[in-house]
Amino acid sequence: MTDIQARPSSFPWPPLIYVAAIAASVLLHLLYKLPWLLPPASDIVFAIGGLVVAAGVAFMVSALRALKLGNTTIAPHRAAAHLVTSAAFAVTRNPIYVANTLVMIGIALISGIAWFLILALVAAFLTQKLAIEPEERHLEAKFGKKYRDYCKKVRRWL
């Protein structure tokens, strides 16, 4: 069995990527503030940000419950024991990463810190390259046709 089949990665990239993106957003904002909307537009965007954060939290909770009920790991660098396709996984193949990205976008809209928007996209791109693509190879090697059929029905992101 190859390393890809044994586990998707040797390092849990996503938590590090998103924590680094959050820290960098705050630091960059302190060093160089990007322009933001003025009231009343900023008030409307603030409210939308709350809804986006709530959606992110809902995705996260749904995904974590589905993984627990599916008796498989949450750790992105550990081998999957079972293919989970229910709950948030019926909407996106990567609900935890979608949740992380939505929360960063929501924080940007609430706080008015544009760096969160920019770095949320950078974090999503890095997560795709360093975590999602290796996870997909791992899941295809482990679950074969069942995983390929799931991929045909459910998008990678949204």
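To be clear, the structure that these remarks concern was listed above.
The rules behind the values
- Residues numbered from 1 in each chain as written.
- Predicted model: local features only at pLDDT ≥ 70, side-chain atom pairs only at ≥ 80, totals over all residues.
- Heavy atoms only, no water.
- Helix = DSSP H or I, 4+ residues; strand = E, 2+ residues; numbered from the N terminus.
- Polar contact = N/O pair within 3.5 Å; in protein donor to acceptor, adjacent residues only side chain to side chain.
- Axes fitted to C-alpha atoms, helices over the stretch in contact; angles between N-to-C directions.
- Parallel < 35°, antiparallel > 145°, perpendicular 65-115°, else oblique.
- Left-handed = near helix turned anticlockwise from the far one by under 90°.
- Nonpolar A, V, L, I, M, F, W, Y, C, P; charged D, E, K, R; others polar.
- Core = buried A, V, L, I, M, F, W, Y, C linked by side-chain atoms within 4.5 Å.
- Buried < 20%, exposed > 50% of the residue type's maximum accessible area, 1.4 Å probe, protein only.
- Contact = heavy atoms within 4.5 Å.
- Salt bridge = Lys/Arg side-chain N within 4 Å of Asp/Glu carboxyl O.

**Notes on the side chain of Ser 9**
Here is step 1: When you line up the elements, Ser 9 lands in the loop between α1 (3–6) and α2 (13–31).
Here is step 2: Within the structure, Ser 9 has its side chain in polar contact with the backbone oxygen of Phe 11 (distance 3.0 Å).

**Observations regarding the packing of helix α3 (residues 41–69) against helix α4 (residues 95–111)**
Any two packed helices are characterised by the angle at which their axes cross and by the distance between the axes.
Here is step 1: Look at α3 against α4: their axes get within 7 Å of each other, and the N-to-C directions meet at 160 degrees. Taken together, the axis directions place α3 and α4 in an arrangement best described as roughly antiparallel. Pair α3 / α4 crosses with left-handed handedness.
Here is step 2: Grouping the constituent residues of the contact of α3 with α4 by class yields 22 nonpolar, five polar and no charged.

**Digging into the nonpolar core**
Here is step 1: Ranked by size, the top nonpolar core spans 36 residues in total, and within it Tyr 18, Phe 59, Phe 89, Tyr 97, Met 104, Phe 143 and Tyr 147 carry the most contacts.
Here is step 2: Within the residue set of this core, elements represented by two or more residues are α2, α3, α4, α5 (114–143) and α6 (145–153).
Here is step 3: Ranked by the residues each element gives to this core, the list is headed by α5, at 10 residues.
Here is step 4: If we ignore the near neighbours within four places in the chain, the residues touching Phe 59 are Ala 88, Val 91, Thr 92, Pro 95, Val 98, Ala 99, Leu 102 and Leu 158.

**Focus on the pattern of salt bridges**
Here is step 1: All chains considered together, the criterion is met by five salt bridges.
Here is step 2: Two residues, Lys 145 and Asp 149, come together in a salt bridge whose shortest N-O distance is 2.7 Å. Taken together, the positions of Lys 145 and Asp 149, both in helix α6 and four residues apart, correspond to about one turn of that helix.
Here is step 3: Judged by relative accessible area, which is 53%, Lys 145 ranks as exposed.

**Re unusual backbone geometry**
Here is step 1: The step from Pro 39 to Pro 40 runs through a cis peptide bond, and the omega angle for that step is 5 degrees.
Here is step 2: Note on placement: Pro 40 falls in the loop between α2 and α3.
Here is step 3: In this structure, Asn 71 is a non-glycine residue whose phi angle is positive, near 55 degrees.
Here is step 4: When you line up the elements, Asn 71 lands in the loop between α3 and α4.
Here is step 5: The backbone of Ala 87 shows a phi angle near 55 degrees, a positive value even though the residue is not glycine.
Here is step 6: With respect to the helices and strands, the residue Ala 87 is situated in the loop between α3 and α4.

**Structural notes on the side chain of Thr 101**
Here is step 1: Examined against the element boundaries, Thr 101 turns out to sit in helix α4.
Here is step 2: A distance of 2.6 Å separates a polar atom in the side chain of Thr 101 from a polar atom in the side chain of Tyr 18.
Here is step 3: Filtering out sequence-adjacent residues up to four positions away, Thr 101 remains in contact with Tyr 18, Ala 120, Ala 124 and Trp 157.

**Focus: the environment of Arg 78**
Here is step 1: The topology assignment puts Arg 78 in the loop between α3 and α4.
Here is step 2: Taking the C-alpha atoms as reference points, Arg 78 and Phe 11, separated by 67 residues in sequence, lie 8.9 Å from one another.
Here is step 3: Apart from the residues within four sequence positions on either side, Arg 78 is in contact with Arg 7, Pro 8 and Thr 73.

Keep in mind these values describe shape, not function.
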